[in-house]
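Observations on the three-dimensional arrangement
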Amino acid sequence: MGRIRVLVADGHRIFAESLAAALAAEPGVEVSAAGSGAAAQRCLDRAAVDGRRYDVLLVDADLGAGAPGAGAPAPAATAAAAGALTAAGAFARPASAPSSASSAPSVRQAERPAPDGMGLLLRVRADHPGTRAVVLAERDDPRRATQALQAGALGWVAKDCSLDRLLAVVRGVLRDETHLPPALLTGVLRELTATRRHRTESERLVESLTPREQEVLRCMVAGLGRQAVAERLYLSPHTVRTHMQNVLGKLGVHSTLAAVALARRAGVEPV
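Keep in mind it's a predicted model, so treat the numbers as computed, not measured.

With respect to the secondary-structure elements, Thr-131 resides in the loop between helix H4 (117-127) and strand E5 (132-137). Overall, Thr-131 belongs to the buried group, its relative accessible area being 8%. A distance of 2.8 Å separates a polar side-chain atom of Thr-131 from the backbone oxygen of Tyr-54.

Rendered as structure tokens:
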């Protein structure tokens, strides 16, 4: 395996840069650090333009969720994780220091809203499918781990794990392996089963609609109002209103918002 290009995205700058330095000290690993979702997005986009895509993204599960700014201290758990590795000598800075996103343009210059951790995973899956993603978390959370896997992550790793463990996960996801802590497996399987059960029920309800009602539902998922649906389907507004009422009744919901949420669970695509 050639050199591995890794991007660390963590809102706690000390942790991000310390972890980047520890990884960069390993042979064959090239690392950059980003302190926000927007900075990480810029790094990924710039690397793609330069033809030097990142192989692995290590992203904080809590990125953008009330994380402190660059000058604020990290929470105790994060600081402890960084401190433990520092004490072990893992964070000794190599001669060639890892690059940081601090020189990138400010977040305010970003063209799109700054993504949080899960949002960044979705963008990576859509814009940089060759980059494998691993979530760094301060605690095990089956629900959020399931969401991360569904958003495209291939791994969930505790922030206080050993550097050897993290490197094993990095190399594993590059082989398209999925890595989860053993303690999370049962909870994640339970979440996936529940998600599938809800999706199956939603699919059954959607299938109970007539073809025309399904067309109307797809328009609703697309955010079209009654008049826009009428124009799209060449129907009168009154007829569309009737179809919408029938859709709500058959789906067992009382609002367009609830109908759209159920449709999305069933995999209904907008028109």
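Now for the confidence of the model for the chain. Per-chain confidence: the chain averages 81 in pLDDT, with 80% of residues scoring 70 or above. Within the model, the stretch residues 66-98 combines pLDDT values under 50 with 43 contacts to residues more than four positions away or in other chains. In this model residues 100-112 is a low-confidence stretch, pLDDT under 50, and it forms 21 contacts with partners more than four residues away in sequence or in other chains.

It is worth spelling out the packing of aromatic side chains at this point. All told, the structure shown has zero aromatic pairs when counted by the stated rule. Seen from the ring of Tyr-54, Arg-5 lies directly overhead, with NZ or CZ sitting 4.4 Å from the centre.

Once that is clear, we can look at the nonpolar core. Leu-7, Val-59, Leu-120, Leu-121, Val-135 and Trp-156 are the most contacted members of the largest nonpolar core, which totals 28 residues. Residue assignment for this core shows that the elements contributing at least two residues are strand E1 (4-9), helix H2 (37-49), strand E3 (56-60), H4, E5, helix H5 (142-151) and helix H7 (182-207). At five residues, the largest contribution of residues to this core is made by H2. When neighbours within four sequence positions are excluded, Val-135 is seen to be in contact with Val-59, Ala-61, Leu-121, Ala-148, Ala-153, Gly-155, Trp-156 and Val-157. Ala-16, Leu-23, Val-170 and Leu-174 belong to the second-largest nonpolar core, a separate cluster that totals 27 residues.

The buried fraction of strand E2 (residues 29-34) amounts to five of the six residues, a majority that puts the element mostly inside the structure. Direction of pairing for E1 relative to E2: parallel, over a ladder of six bridges. Pairing of Ile-4 across the sheet is with Val-29, part of E2. On the question of chirality, the crossover connecting E1 to the parallel E2 by way of helix H1 (residues 13-24) is right-handed.

The rules behind each value
Residues numbered from 1 in each chain as written. Predicted model: local features only at pLDDT ≥ 70, side-chain atom pairs only at ≥ 80, totals over all residues. Heavy atoms only, no water. Helix = DSSP H or I, 4+ residues; strand = E, 2+ residues; numbered from the N terminus. Buried < 20%, exposed > 50% of the residue type's maximum accessible area, 1.4 Å probe, protein only. Polar contact = N/O pair within 3.5 Å; in protein donor to acceptor, adjacent residues only side chain to side chain. pLDDT = per-residue confidence, 0-100. Contact = heavy atoms within 4.5 Å. Phe/Tyr/Trp six-rings, centres within 6.5 Å; stacked < 30°, edge-to-face > 60°. Lys NZ or Arg CZ within 6 Å of the ring centre and 35° of its normal. Core = buried A, V, L, I, M, F, W, Y, C linked by side-chain atoms within 4.5 Å. Pairing = 2+ DSSP bridges. Right-handed = clockwise from strand over helix to strand, strands pointing away.

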